[in-house]
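Letter by letter, the chains look like this.
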Amino acid sequence: MYNAKAYSAASATSPLASATIPRRDSTERDVQLEILFCGICHSDLHQVRNEWRDVMPTVYPCVPGHEIVGRVTRVGSAVTRYKADDLVAVGCMVDSDRTCHHCREDLEQFCPNMTLTYNSPDKYLGGVTYGGYSESIVVDEHFVLRVPSNLDLAGAAPLLCAGITTYSPMRHWGVNNGKKVGVVGLGGLGHMGVKFAHAFGAHVVVFTTSPGKKEAALGLGADEVVVSRNADEMKKHTGSFDFILDAVSADHDINAYLNLLRRDGNITLVGAPAKPLGVSAFGLIMGRRSLAGSAIGGIAQTQEMFDFCGAHNITADVEVIPIQRVNEAYERLLKSDVRYRFSIDMASLKSE
């Protein structure tokens, strides 16, 4: 075991502050990396403030961060895919049982014994796992990803969550050239959805409640922008979409978007409203439409996404901050005051 610098929360009401945490020594199958950038996900804020206490209560101290990009500093004797100085990444998972049918199908994100990057039982040290708001981390080789060398590292970090969360359902539902795709909401998830749908060759329509976001949406690759509060604009698209990605976490009328799907069209939720959405049965039945949900992807698909991003030079639009401004970033995140993700330059931790 060794000690590492980190930022952690001591309680649900405590600000994140400088701390020292234990990290396990590497086994023969492990990769140790120096963390260069770590994205801030909205789930970090929920977890730090114990807002998911009914589902996954937070254990303190809590070190968030599951959008990790770094450089390999050490590899175990049995590691074959990585070597010192490689640019690598770690996402939302650091382990799984490798034996269940989900794992055998490269869908580790559904493994009942998956270990999350932070606030998950730590089978090596006891307690819980600690995330990427830290100077280093040790992870099993299987859960380490290779980062294309042409990608900006600060912008690559959010690909580990915002990226794969939007890429995975588009791949699952067959988004490709010639399809008409809608993206509801232009935030951290939505802006990645627009970039991927555009790169897949789809005709991309962004739905927003803010007319002022039209220029930004077009700049990201959207072909059209619809103000969802405008009934006439919405009506023009009735029954025409192959796929809609719903990235809104606030309460909204899902039926307005179901009606925009063509026969056999799908709408997938990646945003998570706190209250249940009221769904019209007839909105689904009459067009054999489907409503689905999706989380992240498995390790193989996440590497596929990284390779796709390298080929198309896709990263998240980020505001880079030092770790010392993380609490300010959380407050701004609550106000949606970022375009579109925060990425922490972990070199700033060296001054602590």
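So, how was this worked out
- Residues numbered from 1 in each chain as written.
- Predicted model: local features only at pLDDT ≥ 70, side-chain atom pairs only at ≥ 80, totals over all residues.
- Heavy atoms only, no water.
- Helix = DSSP H or I, 4+ residues; strand = E, 2+ residues; numbered from the N terminus.
- Contact = heavy atoms within 4.5 Å.
- Buried < 20%, exposed > 50% of the residue type's maximum accessible area, 1.4 Å probe, protein only.
- Right-handed = clockwise from strand over helix to strand, strands pointing away.
- Pairing = 2+ DSSP bridges.
- Phe/Tyr/Trp six-rings, centres within 6.5 Å; stacked < 30°, edge-to-face > 60°.
- Lys NZ or Arg CZ within 6 Å of the ring centre and 35° of its normal.
- Arc of directions from axis to C-beta.
- Disulfide = S-S within 2.5 Å.
- Axes fitted to C-alpha atoms, helices over the stretch in contact; angles between N-to-C directions.

Quick word on the side chain of threonine 315
Phase 1: Residue position: threonine 315 is located in the loop between helix H10 (299-312) and strand S16 (318-322).
Phase 2: If we skip the residues at most four places from it in the chain, threonine 315 touches Leu151, Asp152, Gly155, Ala156, Leu159, Met192 and Lys195.

Remarks on the pairing of strand S10 (residues 180-184)
Phase 1: The buried count for S10 comes to five of five residues, which makes it a mostly enclosed element.
Phase 2: Burial along S10 is two-sided: the face carrying Lys180, Gly182 and Val184 and the face carrying Val181 and Val183 are both buried.
Phase 3: Handedness of the crossover joining S10 and strand S11 (residues 203-208) through helix H5 (residues 188-199): right-handed.
Phase 4: One ladder, built from four bridges, connects S10 with strand S13 (residues 241-246); its direction is parallel. Its bridge partner being in S13, valine 184 is matched across the sheet by aspartate 246.

What about the packing of aromatic side chains?
Phase 1: This structure, assessed with the given rule, holds seven aromatic pairs.
Phase 2: Ring geometry for phenylalanine 196 and phenylalanine 308: centres 6.3 Å apart, planes at 50°, overall tilted. Linking phenylalanine 196 in helix H5 with phenylalanine 308 in helix H10, this pair joins segments that are 112 residues apart in sequence. The burial state of phenylalanine 196 is the same as that of phenylalanine 308; both residues are buried.
Phase 3: Ring pairs connect the aromatic residues Tyr167, Phe196, Phe200 and Phe308, which therefore count as one cluster.
Phase 4: Stacked on the ring of tyrosine 124, the Lys or Arg arginine 24 has its end atom at 3.8 Å from the ring centre.
Phase 5: Lying across the ring of phenylalanine 241, lysine 180 places its NZ or CZ 4.6 Å from the centre.

Let's talk about helix H11 (residues 326-334)
Phase 1: Turning to H11, its buried residues number three or more, namely Val326, Ala329, Tyr330, Arg332 and Leu333. Seen along its axis, H11 keeps its buried residues to an arc of 165°; they face one direction.
Phase 2: Where H11 is buried, its residues contact strand S1 (2-8), strand S3 (30-40), helix H1 (42-48), S16 and strand S17 (341-345).
Phase 3: Serine 336 sits one or two residues past H11 and shows a positive phi near 55°.

Examining the state of the cysteines
Phase 1: A full pass over the atoms with the stated rule returns zero disulfides.
Phase 2: With no disulfide of its own, cysteine 100 lies 3.6 Å from the sulfur of cysteine 103, the closest cysteine sulfur.
Phase 3: Note on cysteine 111: no disulfide assigned, nearest cysteine sulfur contributed by cysteine 103 at a separation of 3.7 Å.

Brief notes about the sheet that holds strand S15 (residues 290-293)
Phase 1: Ordered by their spatial adjacency, six strands build an open sheet running S12-S11-S10-S13-S14-S15, and the pairing between neighbours is parallel. Only two strands of the sheet have a single partner each, and these edge strands are strand S12 (224-227) and S15. Strand-to-strand, the axes of this sheet are offset by a mean angle of 20°, without reference to chain direction.
Phase 2: Strand direction decides the pairing type here: S10 and S11, joined by five bridges, are parallel. Along S11, the bridge assignment pairs valine 181 with valine 204.

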